[in-house]
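Close look at the chain arrangement
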Amino acid sequence: MKLLIFLSNTVIPLLIFYIVGTGLIQKQNIYEQFIHGAEDGFHTVIKIMPTLIGLMVAVGILRASGLLDAVSSLAENIIGSITGSSLIPGEIIPVFIVRLFSNSAATGLVLDIFKKSGTDSEIGYMASIMMSSTETVFYTMSIYFMSVKVKKTRWTLPGAMAAAVSAAVASIVLSKYFMV
């Protein structure tokens, strides 16, 4: 364990020293390149700002309107009627749905689960595994594709959704059968 702590404390500084050292050896103007990269990053943030604001507003509306709770209870009832049991807790469904759009909003939902059920509970494990194994699919697609002006996304959305559903199922299976 001490080795992991040591590595986690030294990897980032070593990487920074490696990058700066490589630039110095190659006689590059490191500061000028840093400033140029920061400027490019700033322009990218300005370009994607409308998309970010739109996604944040949409997630806020979903959460405040109660639609998210209605969808989660409907999904819980449908899944319960298919499987004959309550395999998926209703609190985890909004986490999965919101996680597709926003990490910070999903983190808020997970914190609510932690407050209600505890971090070491089955649903706490489930939410933690789901947050670490799923991606903000719509956010990532909109940012990446907008920044490089991709119009035809082809199989990106179906593939990303298949991966997200697989990760959600894995989080449920791991927490139900292996964690508790």
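Before reading further, recall that the structure is shown in the block above.
Numbering of residues begins from 1 in every chain and follows the order in which that chain's sequence is written. Residue-level local features of this predicted model are given only where pLDDT is at least 70; pairs of side-chain atoms are given and counted only at 80 or more, and the full residue set underlies all totals for whole chains, interfaces and linings. To get the side-chain values, all heavy atoms of the structure are used, and hydrogens and water are removed first.

What counts as a helix is a DSSP run of H or I of at least four residues, what counts as a strand is a run of E of at least two, and both are numbered from the N terminus. As for its position among the elements, Ser104 is in helix H5 (residues 103-117). Overall, the relative accessible area of 56% leaves Ser104 in the exposed class. Relative accessibility under 20% of the residue-type maximum defines a buried residue, over 50% an exposed one, and the middle range a partly exposed one, all with a 1.4 Å probe and only protein chains included.

Now for the packing of H5 against helix H6 (residues 122-133). Comment: axis = line fitted to C-alpha atoms, over the contacting stretch for helices; angle = value between 0 and 180 degrees taken between N-to-C directions. In the contact formed by H5 and H6, the axes pass within 9 Å of each other and the chain directions differ by 165°. Of the possible angle classes, the one that applies to H5 and H6 is roughly antiparallel. Crossing angle aside, the handedness with which H5 passes H6 is left-handed. Contacts between H5 and H6 involve Asn103, Ala106, Thr107, Val110, Ile113, Phe114 and Ser117 on the former and, on the latter, Ile123, Gly124, Ala127, Ser128 and Met131. Among the residues forming the contact of H5 with H6, the class breakdown is seven nonpolar, five polar and no charged. Angle categories are assigned with fixed cut-offs, so that under 35 degrees is roughly parallel, over 145 is roughly antiparallel, 65 to 115 is roughly perpendicular, and the rest are oblique. Should the near helix be turned anticlockwise from the far one by less than a right angle, the crossing is left-handed, and should it be turned clockwise, the crossing is right-handed. Two residues form a contact once any of their heavy atoms are found within 4.5 Å. Nonpolar residues are Ala, Val, Leu, Ile, Met, Phe, Trp, Tyr, Cys and Pro. Charged residues are Asp, Glu, Lys and Arg, and all others, Gly as well, are polar.

Bringing the packing of aromatic side chains into the picture now. Two aromatic rings, taken as a pair, are described by how far apart their centres are and by the angle between their planes. Here is the rule: rings of Phe, Tyr and Trp (six-membered ring for Trp) pair when centre to centre is within 6.5 Å. Planes less than 30 degrees apart are stacked, more than 60 are edge-to-face, and the remainder are tilted. Taken as a whole and assessed by the stated rule, the structure comprises one aromatic pair. Relative to Phe138, the ring of Phe101 has its centre 4.8 Å away and its plane inclined at 20°; by these criteria the two rings are stacked. Taken together, the residues span a long stretch of sequence, with Phe101 in the loop between helix H4 (92-99) and H5 and Phe138 in helix H7 (residues 137-147) at a distance of 37 residues. Classification of Phe101 by relative accessible area gives partly exposed; the value is 25%.

Turning next to the packing of H6 against helix H8 (residues 156-179). If you want to describe how two helices pack, look at the angle between their axes and the distance between the axes. Where H6 meets H8, the axes come as close as 8 Å, and the angle between the chain directions of the two elements is 145°. In this structure, H6 crosses over H8, and the sense of that crossing is right-handed. Contacts between H6 and H8 involve Glu122, Tyr125, Met126, Ile129, Met130 and Ser133 from the former and Ala167, Ala168, Ser171, Ile172, Leu174, Ser175, Lys176 and Met179 from the latter. Residue composition of the contact of H6 with H8, grouped by class: nine nonpolar, three polar and two charged.

Our focus in this paragraph is helix H2 (residues 30-65). One fewer than the residue count of a helix, multiplied by 1.5 Å, yields its expected span. Over its 36 residues, H2 extends 50 Å from the first C-alpha to the last, a length consistent with the 52 Å expected when each residue adds 1.5 Å. Restricting attention to buried positions, one finds in H2 the residues Ile48, Thr51, Leu52, Leu55 and Val59. Where H2 is buried, its residues meet H4, H5 and H7. At the C-terminal side of H2, Gly66 shows a positive phi close to 90°.

A pairing counts as a salt bridge when a side-chain nitrogen of Lys or Arg comes within 4 Å of a carboxyl oxygen of Asp or Glu. Throughout the structure, instances matching the rule amount to two salt bridges. When the shortest N-O distance is used, the salt bridge between Glu91 and Lys116 registers 2.9 Å. Taken together, the residues Glu91 in the loop between helix H3 (67-83) and H4 and Lys116 in helix H5 connect sequence positions 25 residues apart. The exposure class assigned to Glu91 is partly exposed, which follows from its relative accessible area of 33%. For the salt bridge of Lys176 with Glu122, the shortest nitrogen-to-oxygen distance reads 3.4 Å. Taken as a pair, Lys176 in helix H8 and Glu122 in helix H6 lie far apart in primary sequence, 54 residues in all.

Okay, unusual backbone geometry next. You will see that Lys27, though not glycine, has its phi angle at about 55°, which is positive. Locating Lys27 in the fold gives a position in the loop between helix H1 (2-25) and H2. Taking relative accessible area as the criterion, Lys27 reaches 74% and is therefore assigned exposed. Here the phi dihedral of Lys149 falls at roughly 60°; this positive angle occurs in a residue that is not glycine. Within the secondary structure, Lys149 is located in the loop between H7 and H8. Among the residues examined, Lys149 registers a relative accessible area of 60% and is labelled exposed.

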